Amino acid sequence: MGPYVQALVHGGLVFASGQIPLDPVSGKLVNGEIEEQAERVLTNLRAVLEAAGSSLEQVLRTTVYLTDLRHFPRMNAVYARYFVSDPKPARTTIQAAALPFGALVEIDAIAALTG
């Protein structure tokens, strides 16, 4: 989609680019409510982290971008299912005027390498 990588490893950390709810097979935006989109975003983020040698359990920080902060409680319920170990990652959530392809949510992350 642009001049960047999905993840960059540096200094024992994985810097994962923002993930939007794109289906990896079709390359199209997953239609649906915030729950379906958040589910796809977090599944995509997990795959990117694992490909880079990390995991969701190693995430130190996330940034969540929502096009509507009223979606926060519903997105947070999905997010909580993916980040179950303690301590939870640090997180910032902000409202964005718009996201690529009309997505409702985007999440980026910084994680430690596994091992």
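The following refers to the structure shown. Each residue is numbered by its place in its chain's sequence as written, counting from 1. Side-chain atom pairs in this predicted model are given and counted only at pLDDT of 80 or more, local residue features only at pLDDT of at least 70, and totals for whole chains, interfaces and linings cover all residues. To get the side-chain values, take all heavy atoms of the structure and skip hydrogens and water.

**Remarks on helix H2 (residues 72-82)**
The following threshold applies: Only protein chains enter the accessibility calculation, which uses a 1.4 Å probe; a residue is then buried when its area is under 20% of its type maximum, exposed when over 50%, and partly exposed in between. Numbered from the N terminus, helices here are DSSP runs of H or I no shorter than four residues, and strands are runs of E no shorter than two. Arc definition: directions from the helix axis to the C-beta atoms. Every residue pair with non-hydrogen atoms within 4.5 Å of one another is taken to be in contact.
Burial in H2 covers these residues: Met-75, Val-78, Tyr-79 and Tyr-82. One side of H2 holds all its buried residues, which, seen down the axis, span an arc of 100°. Exposed positions of H2 whose direction lies more than 90 degrees from the buried face are Pro-73 and Arg-81. For H2, the secondary structure elements touched by its buried residues are helix H1 (34-51), strand S3 (59-66), strand S4 (90-95) and strand S5 (105-112).

**Considerations on the pattern of salt bridges**
We apply this condition: By definition here, a salt bridge exists when the distance from a side-chain nitrogen of Lys or Arg to a carboxyl oxygen of Asp or Glu is within 4 Å.
The full count for this structure, using the stated rule, is 5 salt bridges. With its nearest N and O atoms 3.2 Å apart, the salt bridge here joins Glu-33 to Arg-74. Taken together, the residues Glu-33 in the loop between strand S2 (13-19) and H1 and Arg-74 in helix H2 connect sequence positions 41 residues apart. Judged by relative accessible area, Glu-33 falls into the partly exposed class, the value being 47%. Judged by its relative accessible area of 32%, Arg-74 falls in the partly exposed class. The partner of Arg-81 in a salt bridge is Glu-39, and the shortest N-O contact between them spans 2.5 Å.

**Digging into the sheet that holds S3**
Worth spelling out the cut-off: A pair of strands is treated as paired once DSSP finds two or more bridges between them. Between the N-to-C directions of two axes lies an angle of 0 to 180 degrees, each axis being a line fitted to C-alpha atoms and, for a helix, fitted only over the stretch in contact.
Across the sheet, 5 strands lie side by side as S1-S2-S5-S3-S4; this open sheet has mixed pairing. Edge positions in the open sheet fall to strand S1 (7-10) and S4, since each of these has one partner strand only. Each strand axis lies, on average, 10° off the axis of its neighbour in the sheet, ignoring direction. Pairing between S1 and S2: 4 bridges, direction antiparallel. Among the inter-strand pairings, Leu-8 is bridged to a residue of S2, identified as Phe-15.

**Details of a nonpolar patch on the surface**
Where we set the bar: Like-charged residues within 9 Å of one another, or nonpolar side chains (Val, Leu, Ile, Met, Phe, Trp, Tyr) within 5 Å, are grouped into patches, provided each residue has over 30% relative accessible area and no salt bridge. A 1.4 Å probe and the Shrake-Rupley method give the accessible areas. Residues count as covered only by the protein chains that appear here.
A contiguous nonpolar surface patch, about 260 Å² in accessible area, is contributed by Val-5, Leu-8 and Phe-15. Mapping Leu-8 onto the fold places it in strand S1.

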